[in-house]
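Understanding the architecture of this molecule
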Amino acid sequence: MRTLFYNMPGFEALARTIAKKLNIKKGVYQLKRFTNNEAQIVISDDVKNSKCLVLGTNVPPDQRTIELMFLCHTLKKEGAKKISAILPYLAYTRQDRKEAKKSLAMDWFAKTFKISGVSEIITLDIHSQLAQKLFDMPLISLSPAKIFADEIKKISFIDATIIAPDEGAINRCQDVKKYLGIKEPISYFKKKRNGQKISSVFKGKAKRRVILIDDILDTGGTLIVACKELKKLGVHEIIIMVTHGLFTNDNWKELWDLGVKKIYTTDSLPLVARNSHEAGFPDLEVKTRPGISILPIAPIIERHFRK
Ligand code: R5P
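Because the structure is a prediction, the values reported are computed rather than measured.

Surrounding the ligand, one finds 14 residues, the nearest of these being Arg94, Asp214, Asp215, Thr219 and Thr222. One of the side-chain N or O atoms of aspartate 215 is found 2.6 Å from an oxygen atom in the ligand. Threonine 219 is positioned such that a nitrogen or oxygen atom in its side chain is 2.6 Å from an oxygen atom of the ligand. Burial of the ligand by the protein amounts to 90% of the accessible area it has alone, namely 380 Å². With respect to the detected pockets, the ligand is housed in the largest pocket. At the level of elements, strand E10 (187-194), strand E12 (209-217) and helix H7 (221-232) are the ones that each hand at least two residues to the shell around the ligand. When residues in the shell around the ligand are grouped by element, the largest group, four residues, is from E12.

Below, the discussion takes up the sheet that holds E10. Sheet strands line up and pair through hydrogen bonds in the backbone, either parallel or antiparallel. Read from one edge to the other, the open sheet built from seven strands follows the order E11-E10-E9-E12-E13-E14-E15, with strand pairing classed as mixed. With partners counted over all chains shown, the strands left at the sheet margins are strand E11 (197-203) and strand E15 (292-295), one partner each. Pairs of neighbouring strands in the sheet enclose a mean axial angle of 25°, with direction left out of account. Sitting on the sheet, helix H6 (residues 170-180) touches strand E9 (161-164), E10 and E12, and the angle it makes with E9 is about 160°.

Looking now at the sheet that holds strand E7 (residues 120-124). Spatially, E2-E1-E5-E6-E7-E8 is the arrangement adopted by the six strands of the open sheet, whose pairing is parallel. The sheet terminates laterally at strand E2 (25-26) and strand E8 (139-142), the two strands that pair on one side only. Sheet topology note: the strand E1 (residues 3-7)/E2 ladder contains two bridges and is parallel. Within E2, the position partnered with phenylalanine 5 by the bridge is lysine 26.

What the rule picks out here adds up to zero disulfides. For the unlinked cysteine cysteine 72, the closest cysteine sulfur is that of cysteine 52, found at 8.8 Å.

A few words now on the layout of surface pockets. Rolled over the atoms, a probe sized like a water molecule indicates the empty space that remains. Estimates place the volume of the largest pocket at around 1,100 Å³. Looking at the largest pocket, it is lined by 31 residues, and the ones nearest its centre are Arg94, His127, Lys191, Arg193 and Thr222. Secondary structure elements with two or more residues in the lining of the largest pocket: E10, E11, E12 and H7. Residues of the lining of the largest pocket, tallied by class, amount to five nonpolar, 12 polar and 14 charged.

Moving on, we come to the packing of aromatic side chains. Remark: the centre distance and the inter-plane angle together describe each pair of aromatic rings, the angle taken between the planes. All told, the structure shown has nine aromatic pairs when counted by the stated rule. Taking the centre distance of 5.1 Å and the plane angle of 55° together, the rings of phenylalanine 189 and phenylalanine 202 count as tilted. Of the two residues, phenylalanine 189 sits in strand E10 while phenylalanine 202 sits in strand E11, which places them 13 residues apart along the sequence. Judged on exposure class, the residue phenylalanine 189 and its partner phenylalanine 202 are both buried.

Moving on, we come to the nonpolar core. Phe5, Tyr6, Leu75, Phe113, Ile121, Val176 and Ile211 are the most contacted members of the largest nonpolar core, which has 77 residues in total. Apart from the residues lying within four places of it in its own chain, the contact partners of isoleucine 211 are Ile152, Phe157, Ala160, Thr161, Ile162, Ile163, Ile239 and Met241. Within the second largest apolar cluster, 23 residues are counted, among which are Leu223, Ala226, Val235 and Val286.

Turning to the pairing of E1, a few remarks are in order. Most of E1 is tucked away: four of the five residues are buried. The pairing of E1 with strand E5 (residues 51-55) spans five bridges and is parallel. Bridge assignment links tyrosine 6 to a residue of E5, and that residue is valine 54. Chirality of the crossover, the property in question, places the unit of E1, helix H1 (residues 12-22) and E2 among those that are right-handed.

Further remarks concern the environment of lysine 111. Position of lysine 111 among the secondary structure elements: in helix H3 (residues 105-115). A C-alpha to C-alpha distance of 9.9 Å links lysine 111 and methionine 137, two positions 26 residues apart in sequence. A distance of 2.9 Å separates the side chain of lysine 111 from the side chain of aspartate 107, its partner in a polar contact.

Cut-offs applied
- Residues numbered from 1 in each chain as written.
- Predicted model: local features only at pLDDT ≥ 70, side-chain atom pairs only at ≥ 80, totals over all residues.
- Heavy atoms only, no water.
- Near = heavy atom within 4 Å.
- Polar contact = N/O pair within 3.5 Å; in protein donor to acceptor, adjacent residues only side chain to side chain.
- Areas by Shrake-Rupley, 256 points an atom, 1.4 Å probe, with all protein chains shown as cover.
- 1 Å grid on protein atoms, 1.4 Å probe; cavity = no way out; pocket = protein on both sides within 12 Å on 5 of 7 lines; lining within 4 Å.
- Sits in = over half its atoms within 2 Å of the grid points.
- Helix = DSSP H or I, 4+ residues; strand = E, 2+ residues; numbered from the N terminus.
- Pairing = 2+ DSSP bridges.
- Axes fitted to C-alpha atoms, helices over the stretch in contact; angles between N-to-C directions.
- Contact = heavy atoms within 4.5 Å.
- Disulfide = S-S within 2.5 Å.
- Points joined across faces, edges and corners; volume = space filled by probe spheres on them.
- Nonpolar A, V, L, I, M, F, W, Y, C, P; charged D, E, K, R; others polar.
- Phe/Tyr/Trp six-rings, centres within 6.5 Å; stacked < 30°, edge-to-face > 60°.
- Buried < 20%, exposed > 50% of the residue type's maximum accessible area, 1.4 Å probe, protein only.
- Core = buried A, V, L, I, M, F, W, Y, C linked by side-chain atoms within 4.5 Å.
- Right-handed = clockwise from strand over helix to strand, strands pointing away.

Structure, rendered in structure tokens:
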């Protein structure tokens, strides 16, 4: 079956790398806007009976969800046999729990992907298993554990304590430990959110050097609270590893004053210049900060499609 690789704006470099490695032809489409701003997708390829990979994201939803869903819907309408949406950062996974009178956004996305013709979703380090249950199609979450473990070995931090900043992060910490061959029980924080306020209680042991591992660094609130507690325990060197670095607002910068020496994240979202038209993507400035390292995810996605 012929395969075509489409990408949304901002994902050009990642798409080129993956398509080249997998030897897949790039597909071409255009997003047109009518004078009243209504969107229209125009594809340039004949996709009948082909397999289409679509790399992008659904954030921010008002701009990118429509583009993503219309693109998949058009490919389906034109006869594509299988559509795999590759969304390294699948947004809204934090709305995966039924709560009275509150939206359940992940459920809406799951249904909308389905009616747009998507056959499967490939993402990176999904927030929780709950989201997967809402999808009536394969939702495959690839793990960054190996690239984090490789980096820990490279910087000789293997003797540090790996700590989960909340209970939801315990499994991802355990995955990294497996790659490192560390067997000791996991240390973690019991986190409570009360509106914007976060409080965390530490459970376990911490050496003087620690590594905090989480799926998302959004405002940095979770990690700031964890670092403050660790400081009280005498920890003096902290490394942070997060799969999705959103770096929303500037609060996260406080981490540098709390003993954080380095933040590792991945290129699950493109970085763009502040105030550019690519709203919602993290600021390009984070890439140029000496304390931040961006780990490439292309090898993880390639490996998945080679299987
Ligand atoms: C929540 O449970 C997630 O795993 C992250 O810990 C959280 O979303 C990070 O957000 P923030 O950086 O704003 O605390």
